[in-house]
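Residues per chain are reported as follows:
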Amino acid sequence: MGNNVIDQARHRCSGCGLCVHVCPSACLEMVADPEGFLFPEINREACIDCGICLRRCPMLKADSLLKDERNDAYAAVLKNTNQLKESSSGGVFTALANHTLSMDGVVYGAVMGKDLKVYHKAARKEEDLVSMRGSKYVQSDINEVFQQIKEALLNKTEVLFTGTPCQVAAVAEWAKGYESTLTTVDLVCHGVPSPGLFRQHTKWLEGKYGAPVKELHFRSKAMGYWGLYKERIIIEDREIHQLAASDPYYAAFLRCETFREACYQCPFSCEKRVSDLTICDYWGVEVEHSELNASRGISGVIINTEKGKMFFEASSHELKVYLSTKKQISKHQKNLNAPSVRSSVRDEVYHLITEEGYAVWASRYLKSATRMINVLRSSMPRRIKILRKRLQRVLKG
């Protein structure tokens, strides 16, 4: 067994790709596995067995990367209603990004390209932020931005990096020694399906509707309100709006059935955080703060470092900000306390898709009782869901 991440820690791999960039002999590359997840592969003839990839792997040194200097917490909503509508939640990312751009800085975030691939890219002007708004429920590829971030930091350019906790950890580890102008924001993450699975899904959609998919928006607010269960698909010159329960890919995501194996044992799904700032949907805000109207979306914000505190305060003029607590937010965000629970059908899903094809799996889901239950649940009016939560709280005392 070699002194490398492939032989000793493949089961812990988040797919961040940092090992490829720190390898002194350039013997690693990221390659998709049969499920469509990226993993490092090694050229053993070129490997010098130095162990740097193991020592720098953020998944293996999570304890040293976690922070809890502060625990301030807020509910926050973007004042710009047009930009709020484009955002999945409360639009806090936009305020933080605008502050970065005001300092001639650069923002790195996930976008879904015209080819429907999800990857991180740089934004240097406000119009570049549009494609970074909104949830992308597939693992983003950050490999192209490592070197860009390093060059920006060496030039003392203000850098804002937003991503899942494991991606933030990779960038924080990569930037050690020149991180003075780096601010990091982690998005509370439930887990990531594979890019390969998402490609199969978009091909299935194109077959279903008989035309190429131009855009796909999870968590659409096109119908005017905030929630998990509405999706918007643009195909040629038409728009399709549907419930998440009618989309096999999206529904499986919500049931934690298609995540990367490491997601189910994520060391960053805990009370301590890896970033300067943590942002998330503030589910249950109506229970914790009954005076607030969250119909258009509202974010939970947790301040983890002094740098994060100053950065948020400098950005807050674009936000409506309400004092809350980390405990209140985490009551309704399970992944602030623990990783998602591994679904008992996780392996069965990928096996069926590999053996019989995505269309067969999708057809079985759409005919299942599970779909009907999900449709009923997601069709429940928001005001009824709020009343149910408040009643549950009263009953618990």
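Residues numbered from 1 in each chain as written. Predicted model: local features only at pLDDT ≥ 70, side-chain atom pairs only at ≥ 80, totals over all residues. Heavy atoms only, no water.

Engineer: Provide a residue-level description of helix 8 (residues 165–174), including the pertinent values.
Structural biologist: Within helix 8, 10 of the 10 residues are buried, leaving the element largely enclosed by the surrounding structure. Looking at helix 8, one finds that the buried residues are P165, C166, Q167, V168, A169, A170, V171, A172, E173 and W174. (Buried < 20%, exposed > 50% of the residue type's maximum accessible area, 1.4 Å probe, protein only. Helix = DSSP H or I, 4+ residues; strand = E, 2+ residues; numbered from the N terminus.)

Engineer: Please give an account of unusual backbone geometry that cites residues and values.
Structural biologist: In this structure, D49 is a non-glycine residue whose phi angle is positive, near 60°. Backbone geometry places D104, a non-glycine residue, at a positive phi of 60°. Tracing the chain through its elements places D104 in the loop between helix 6 (92–102) and strand 4 (106–112). Judged by relative accessible area, which is 69%, D104 ranks as exposed.

Engineer: Explain the sheet that holds strand 13 (residues 319–325) to me, and be specific about the residues and the numbers.
Structural biologist: Taken together, 8 strands build an open sheet; the order of strands is 5-4-6-7-11-12-3-13 and the sheet is mixed. Looking at strand neighbours, the two that pair on one side only are strand 5 (118–123) and strand 13, the edges of this open sheet. Direction aside, the axes of adjacent strands within the sheet are offset by 25° on average. Strand direction decides the pairing type here: strand 7 (residues 182–187) and strand 11 (residues 277–281), joined by 3 bridges, are parallel. Its bridge partner lying in strand 11, V185 is registered against L277. Here helix 6 sits on the sheet in contact with strand 3 (72–78), strand 4, strand 5, strand 6 (159–163), strand 7, strand 11, strand 12 (299–303) and strand 13, set at roughly 140° to strand 4. (Pairing = 2+ DSSP bridges. Axes fitted to C-alpha atoms, helices over the stretch in contact; angles between N-to-C directions. Contact = heavy atoms within 4.5 Å.)

Engineer: Can you tell me about the layout of surface pockets, naming the residues and giving the values?
Structural biologist: Considering only enclosed or pocket space, the second largest pocket measures out at about 680 Å³ in volume. Secondary-structure elements contributing two or more residues to the lining of the second largest pocket are helix 5 (81–86), strand 4, strand 5 and strand 8 (213–218). Here the lining of the second largest pocket gets 5 residues from one element, more than from any other, and that element is strand 8. (1 Å grid on protein atoms, 1.4 Å probe; cavity = no way out; pocket = protein on both sides within 12 Å on 5 of 7 lines; lining within 4 Å. Points joined across faces, edges and corners; volume = space filled by probe spheres on them.)

Engineer: Tell me about helix 7 (residues 146–154), and name the residues and values.
Structural biologist: Of all the residues in helix 7, the buried ones are F146, I149, A152 and L153. Viewed along the axis of helix 7, the buried residues span an arc of 130°, placing them on a single side of the element. Looking at the buried side of helix 7, the elements it contacts are helix 2 (18–22), strand 4, strand 6, helix 8 and strand 7. Backbone geometry just after helix 7 places K156 at a positive phi near 60°. (Arc of directions from axis to C-beta.)

Engineer: Give me the lowdown on the pattern of salt bridges, citing residues and values where you can.
Structural biologist: Summed over the entire model, instances satisfying the criterion amount to 20 salt bridges. Put simply, D128 and K125 hold a salt bridge, and the shortest N to O gap is 3.5 Å. Taking relative accessible area as the criterion, K125 reaches 42% and is therefore assigned partly exposed. We note a salt bridge from D347 to R342, for which the minimum N-O separation is 2.7 Å. Judged by its relative accessible area of 41%, D347 falls in the partly exposed class. (Salt bridge = Lys/Arg side-chain N within 4 Å of Asp/Glu carboxyl O.)

Engineer: Summarise the environment of E179; cite the residues concerned and give the values.
Structural biologist: The topology assignment puts E179 in the loop between helix 8 and strand 7. It is 9.7 Å that separates the C-alpha atoms of E179 and E158, two residues lying 21 residues apart in sequence.

Engineer: Tell me about the nonpolar core, residues and numbers included.
Structural biologist: Counting 43 residues, the largest nonpolar core has L28, Y108, I149, V159, F161 and F268 as the members making the most contacts within it. The set of elements that each furnish at least two residues to this core consists of helix 1 (5–9), helix 2, helix 3 (52–56), helix 4 (62–65), strand 4, helix 7, strand 6 and helix 8. Per-element accounting of this core gives the leading share, 6 residues, to helix 8. Contact partners of F268, with chain neighbours within four places excluded, come to P58, M59, A62, L66, P165, C166, A169, R273 and V274. In terms of nonpolar packing, the next biggest core, distinct from the first, is built from 39 residues, A110, Y209, V213 and C256 among them. (Core = buried A, V, L, I, M, F, W, Y, C linked by side-chain atoms within 4.5 Å.)

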